[in-house]
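Residue-level structure breakdown
Given next are the chains, with one letter for each unit.
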Number of protein chains: 2
Amino acid sequence: MKLQVTQENLNKALGTVARVANARGTLPVLANVLIKTVNNRLSIAATNLDIAITHYIGAKVADEGAITAPARLMQDFVSSLPGGVIDLQLDEYKLHIVTDQYQSVINGVSAEEFPVMPAITEGKTWTVPSALLKKALQQVVIAASGDEARPVLTGVYFHTADGVLHVAATDSYRLAEKELLKTDEDINLLVPVTAMQDLLRILGDAEDEVQVTSDDQQVLFRVGDVELVARLIEGKYPDYRKLIPTSFTTSATLLRADLLNAAKISSLFARESAGSITLNIDEETKELSIRSIASQLGENTAKAPAKVEGSGSITINSRYLLDALHVLSGEEVSFAFNGKLEPSLLRDPAASDYSHIIMPLKS
Amino acid sequence: MKLQVTQENLNKALGTVARVANARGTLPVLANVLIKTVNNRLSIAATNLDIAITHYIGAKVADEGAITAPARLMQDFVSSLPGGVIDLQLDEYKLHIVTDQYQSVINGVSAEEFPVMPAITEGKTWTVPSALLKKALQQVVIAASGDEARPVLTGVYFHTADGVLHVAATDSYRLAEKELLKTDEDINLLVPVTAMQDLLRILGDAEDEVQVTSDDQQVLFRVGDVELVARLIEGKYPDYRKLIPTSFTTSATLLRADLLNAAKISSLFARESAGSITLNIDEETKELSIRSIASQLGENTAKAPAKVEGSGSITINSRYLLDALHVLSGEEVSFAFNGKLEPSLLRDPAASDYSHIIMPLKS
C-alpha cells in the first residue's frame, strides 16, 4: 500500500468512524480502523459488530493494499497534523505516515483479522432528505429505552401507516412519533437507537438525500461518502398508535420558553422525589402552574399565563417534560390530558406532525 | 430579614462563592452559603475552613437578618430565574424567595451554626494590578504540587528578592517563577494553590487593583466587591532560586506554535512510557527534533526549524513541556539546557520576567 491523501480528508473520515471502534471489547482488532484502497479511493471503516461505518475519501493510490491501525491513536495523531498532503506507506504491518515535519511508524494488524464488513446486495431502497431525517431522529431518539431487557424498546421504529412513513420510539413511560413523508412503499424497520445516534452525528443540515436500503436482517444508510450499516432488531413493535389520545378534557397552550423555564426550576425541587412535579391547569386564572416539593430542601410553585380549556392536574416526571420541550420546535407548545391517570400529549400547535406522549406518575 | 435584590447581582454573587461550599464535608452547614445583611448591602459567603469567599451586593434592606441555605440549590435556582427584582423574606428558618412568576420556600439553617468568617484586623497591605496578578498566577499555579505529603510544595510563594516581588511554585519536577513588581516591602507569603485557583476565577482582566493584606496566619485578597481569605501554609519554602541556571551549552529558539504541535504529537506516542520524550537540538541542521517511542503502538519523530546554539539532547516529561508551552506567551520560545542531567529552561525570548524549569528524566 502506498498512497497520498490530504490531512483534511483523512481527519474527517477518522472523525466519522473512530467513535464506533471500541478498545474495551473482547476482540482487540475492533479497537482498530480498517484502512483500505478501493479503486482510486481510500475507505476508512470501523465496526462494533452491531454497527459498521465506512467513509470513502479521495486518494492518489500508487500501490493498493489494506491494514488496520489503532483508531484512537490514528484519530489523535492525524487531527494534530498540519493541513496538507500526507504520505501513507505500508511495510509489512508497519504503517509509515510522513509529512514535511513529522515521521511516524504505527504498528498495524493484518486487515484479514478484521471482521468482514456486512453488505446488502438485494433489498428495498427509499430516500429521505437529510435535514428532515435529522430533525425527526432528534425528536424521537430521546424516547427510546436503554434497557436491554426489552430489546424492541431499544429500537427506533420506521413504519408505513395510512400511506405515511412514521418514525417512533417509546420506553413505555413516554412515546415520540414523527410523520416523515408520504410513501407508497410498505416500510417496516426496527433499528437500534445507538445506530440512529451515530447516524445523527453523520447527518448534515444540507439538502442532501439519504438513501436507505434494507433486507430482512440489516439496513444501510448512505449519506454522501459515508455508509452506515446496522443490524435490525427482531421482534414485533407494540401497537403504540392506539395509545395516542385524540380528544382531551383539559389543555393549555403557552410559550414554550415559559413552560421550559418553569419545568427547569421545578425540577430543582423534585430531586428528592425522583423528578415528580404536578402541573395544574386553571380555566379561571388562565394559568398553568407547576408545583414541586422537596421535604428537606423546600418547595416551589411556578406559573405562566396560558390559553386554557378545562381545569385539572396531573403529576409527571420533570425530566421527561424537559426532554420533550428541548426537542419541540415552535414558539408555543400545547399540553393536554384527560384526568390524572391518562397519558398527556405535548405538541407544537402549529405542527401536528410530531406527537410526544408522557405517562402520568401515580400521585 | 426582608429585602430586595436583583437576580443579576444575586446570581453573580452565588457564582463567585458557591464553588467553595462542599456538600461532602464532615460539617453539613459548610454545604450552605451564608446570606446576611450588612448595613445596606447583602453579603453572600461560603467557606471550607481553609478558604473563605465573600461577595457583597447592593440590596434594599427593610429588615436586617441572616440565614444559611444550600449553596447548590440556591445557585441552580437563582441562575434559572428571569432577570429583575427578587424579594427575600425570612420566616423563622424558612427563606421565601418570590418573583412575579415563581414562589419558593427554601429550608435554611441558622446563621449561628456557620463558622465565624476569619478577619484580619492588623497586617501589612500592598496592591497589585488585577490583570498582572492574573497572568502571573496562570503561569505559576501549574507547577505547584497536589501532594499533601509535602505541604510547602502545595503553596504559591510570594516573596521579595533584590527589591522585586516574585511569585513561584514548584513540585520538585518543575518550577515556575514570575517577577511581579518592584517593591520596598518585605513580603513573604506561602498561600495554598487551591486558594490561588479560586482567586484566578475571581480576577478580571480589567484594570482593577487587588489589595492584599496579611498577618502571620492568613491573607486577604480584596478585588472589587469580593474578599477571599486563605490560611497561610507554615514552613520554610526551598531556596529554589539557586536551581535556575544562568548559562547554557545548548539552546534553541523557535516558534512556540511549532514546539507546541511537535510536543503534542510526540506525547501521543509517549503514553506507554509515562510521557517520556527526547528533545534533540542539532547545530548543523538548525533543527529541534522530538522523538518518542511506544513499543506497542509505534514511534514518531517531529522536527521544527530553530535558531540553534550548541548541539545536545535531553529527555523530559511531555506533559510538563505542554503545560509550560500553554502558559508562555509570545510568538517564540527558547529552550535551553546543560547536558542530559541538568535542568532545562523555557522562556519567552522577548520577556525574561518568566522562567520555567523542567527537570530531566533519567534516560
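Along each chain, the written sequence defines residue order, and numbers are assigned to residues from 1. Here every chain gets a letter starting at A, and every ligand a number starting at 1, in the order they are written. Local features in this predicted model are restricted to residues whose pLDDT is 70 or higher, and side-chain atom pairs enter the listing and the counts only when it is 80 or higher, whereas totals over whole chains, interfaces and linings include all residues. As a rule here, side-chain values come from all non-hydrogen atoms in the structure, and water together with hydrogens is ignored.

Quick look at the overall build of chain A now. Numbering goes from the N terminus for both helices and strands, where a helix is a DSSP run of H or I of at least four residues and a strand is a run of E of at least two. Counting secondary structure elements, chain A contains six helices and 26 strands. Along the first, second and third principal axes, the C-alpha set of chain A runs to 80 × 50 × 35 Å. What makes two residues a contact is simply this: any of their non-hydrogen atoms within 4.5 Å. When contacts within chain A are restricted to residue pairs at least 6 apart in sequence, long-range pairs at least 24 apart make up 67% of them. Note on areas: Shrake-Rupley, 1.4 Å probe, and residue coverage restricted to the protein chains presented here. For chain A, the accessible surface area stands at approximately 16,700 Å², while carbon and sulfur atoms represent 46% of it. A positive count includes Lys and Arg, and a negative count includes Asp and Glu. His and the chain ends are not counted in either. A single reference atom marks each charge: NZ on Lys, CZ on Arg, CG on Asp, CD on Glu. Computed over 33 positive and 46 negative side-chain charges, the separation of the two mean positions in chain A equals 5 Å.

Residues and elements named next belong to chain A. As a packed pair, helix α3 (residues 130-140) and helix α4 (residues 193-202) sit with axes 10 Å apart at the nearest point and diverge in direction by 135°. Judged by the inter-axis angle, α3 sits oblique to α4. Seen along the crossing, α3 lies across α4 with a hand that is left-handed. Between α3 and α4, the residues in contact are Leu133, Lys134, Leu137 and Gln138 and Met196, Leu199 and Leu200, respectively. Note on geometry: axes are lines fitted to C-alpha atoms, helical ones only across the stretch in contact, with angles between N-to-C directions running from 0 to 180 degrees. Put simply, angles under 35 degrees are roughly parallel, angles over 145 are roughly antiparallel, angles from 65 to 115 are roughly perpendicular, and the rest are oblique. In this scheme the handedness of a crossing depends on how the near helix is turned from the far one: anticlockwise by less than a right angle means left-handed, clockwise means right-handed.

By a simple turn and slide, chain B fits onto chain A: the slide is 0.0 Å along the axis, the RMSD is 0.0 Å, and the turn is 180°. Taken together, the turn and the small shift mark the pair as related by a two-fold rotation axis. Considering only C-alpha atoms, the residue of chain B closest to the rotation axis is Arg24 of chain B, which sits at 16 Å. Same-surface contact between copies: 100% of interface residues of chain B are shared with the interface of chain A. Copies are brought into register by a least-squares superposition over C-alpha atoms of residues with pLDDT of at least 70 in both.

Moving on, we get to the side chain of Ser214 of chain A. All names here are of chain A. Positionally, Ser214 belongs in strand β15 (residues 209-214). Taking the relative accessible area as the measure of exposure, Ser214 reaches 10% and is therefore buried. Not counting residues up to four positions away in its chain, the partners in contact with Ser214 are Ile120, Glu122, Gly123, Lys124, Leu189 and Val219. For each residue, the accessible area found with a 1.4 Å probe, counting protein chains only, is set against the maximum for its type, and the residue is called buried under 20%, exposed over 50%, and partly exposed in between.

The next thing to look at is the interface of chain B and chain A. How big an interface is tends to be expressed through the accessible area that disappears when the partners come together. Taken together, the contact between chain B and chain A spans 36 residues of the former and 36 residues of the latter. Buried area between chain B and chain A, summed over both chains or domains, comes out near 2,800 Å², and the portion from carbon and sulfur atoms is 50%. Any Lys or Arg side-chain nitrogen located within 4 Å of an Asp or Glu carboxyl oxygen qualifies as a salt bridge. Our enumeration of links across chain B and chain A arrives at two salt bridges. The salt bridge involving Asp76 of chain B is made with Arg271 of chain A; its shortest N-O contact spans 2.8 Å. Pairs of N or O atoms are called polar contacts if they sit within 3.5 Å, as long as, within protein, a hydrogen donor faces a hydrogen acceptor (for residues adjacent in sequence, only side-chain-to-side-chain pairs). Here chain B and chain A share 21 residue pairs in polar contact (both at pLDDT 80 or more) between them. Buried area is calculated as the accessible area (1.4 Å probe) missing from two parts once they are joined, with the contributions of both summed.

Relative orientation of the contacting elements helix α2 (residues 71-80) of chain A and helix α5 (residues 256-268) of chain B amounts to 170°, with a least axis distance of 10 Å. For the element pair α2 of chain A / α5 of chain B, the angle class is roughly antiparallel. Side by side, α2 of chain A and α5 of chain B meet where Leu73, Asp76, Phe77 and Ser80 of chain A of the first sit next to Asn261, Lys264, Ile265 and Leu268 of chain B of the second. Residue composition of the contact of α2 of chain A with α5 of chain B, by class: four nonpolar, two polar and two charged. All amino acids are sorted into three groups, where Ala, Val, Leu, Ile, Met, Phe, Trp, Tyr, Cys and Pro are nonpolar, Asp, Glu, Lys and Arg are charged, and the leftover types, Gly among them, are polar.

What follows deals with the side chain of Ser43 of chain A. Looking at where Ser43 of chain A falls in the secondary structure, it is placed in strand β3 (residues 41-47). Residue Ser43 of chain A is classed as buried on the basis of its relative accessible area, which comes to 6%.

Pairs were defined over the aromatic rings of Phe, Tyr and Trp, the Trp ring being its six-membered one, requiring ring centres within 6.5 Å. Orientation was assigned from the angle between planes: stacked under 30 degrees, edge-to-face over 60, tilted for the rest. Counted by the stated rule, this structure contains 14 aromatic pairs over all chains. On the basis of an interplanar angle of 90° and a centroid distance of 5.5 Å, the ring pair of Phe77 of chain A and Phe269 of chain B is categorised as edge-to-face. With Phe77 of chain A in helix α2 and Phe269 of chain B in the loop between α5 and β19 (276-282), this pair bridges two chains. Across the pair, Phe269 of chain B and Phe77 of chain A agree in class, each one buried. One aromatic cluster is present, formed by Trp126, Phe158 and Phe221 of chain A through successive ring pairs.

Working note: regular strand, side chains alternate between the two faces of the sheet. All names here are of chain A. Burial within strand β2 (residues 32-38) is extensive, with five of its seven residues counted as buried. DSSP bridges decide pairing: two strands pair if at least two such bridges lie between them. Pairing between β2 and strand β6 (residues 66-70): five bridges, direction antiparallel. Paired with Asn32 across the bridge in β6 is Pro70. Two strands pair when backbone bridges link them, and β2 and β3 are joined in this way by five bridges, in the antiparallel orientation. Its bridge partner being in β3, Leu34 is matched across the sheet by Ala45. Here β2 hands over to β3 after two residues, with Asn39 in that stretch at a positive phi of 55°.

Moving on to the nonpolar core. Definition used in this section: a nonpolar core is a set of buried Ala, Val, Leu, Ile, Met, Phe, Trp, Tyr and Cys residues joined via side-chain atoms within 4.5 Å. Core analysis: the largest hydrophobic core is formed by 205 residues, its most contacted members being Phe158 of chain A together with Phe158 of chain B. Not counting the four nearest positions on each side in its chain, Phe158 of chain A is found in contact with Trp126, Leu133, Leu137, Leu165, His166, Val167, Leu180, Ile187, Asn188, Leu189, Val191 and Met196 of chain A.

All names here are of chain A. Each assigned domain of chain A is listed with its residue range as follows: domain 1 (2-113), domain 2 (124-242) and domain 3 (245-358). Domain ranges listed in this record stem from an automatic or a database domain assignment. For domain 2 versus domain 3, the distance between C-alpha centres works out to 28 Å. Each side of the interface is counted separately: domain 2 has twelve residues, and domain 3 has 13 residues. Buried surface at the junction of domain 2 and domain 3, both sides included, amounts to about 1,100 Å², of which 50% is carbon and sulfur. Connecting domain 2 to domain 3 are two salt bridges. Notably, a salt bridge pairs Asp323 with Arg174, separated by 2.8 Å at the nearest N-O pair. Put simply, domain 2 and domain 3 have six residue pairs in polar contact (both at pLDDT 80 or more) between them. Only α3 and β13 (174-182) provide two or more residues apiece to the side of domain 2 that touches domain 3. Considering each element in turn, the side of domain 2 that touches domain 3 owes the most residues, six residues, to β13. Looking at the side of domain 2 that touches domain 3, its residues break down into four nonpolar, two polar and six charged.

Time to look at the pairing of strand β24 (residues 332-337) of chain A. Residue and element names in this part refer to chain A. Counting buried residues along β24, five of its six residues qualify, which places the element largely inside the surrounding structure. Pairing analysis gives six bridges linking strand β18 (residues 250-255) to β24, with the strands arranged antiparallel. Paired with Leu255 across the strands is Glu332, a residue of β24. The pairing of β24 with strand β25 (residues 344-348) spans three bridges and is classified as antiparallel. Looking across to β25, one finds that Ala336 is bridged to Leu345. Here β24 folds back onto β25 in antiparallel fashion, the turn holding six residues, of which Gly339 has a positive phi close to 75°.

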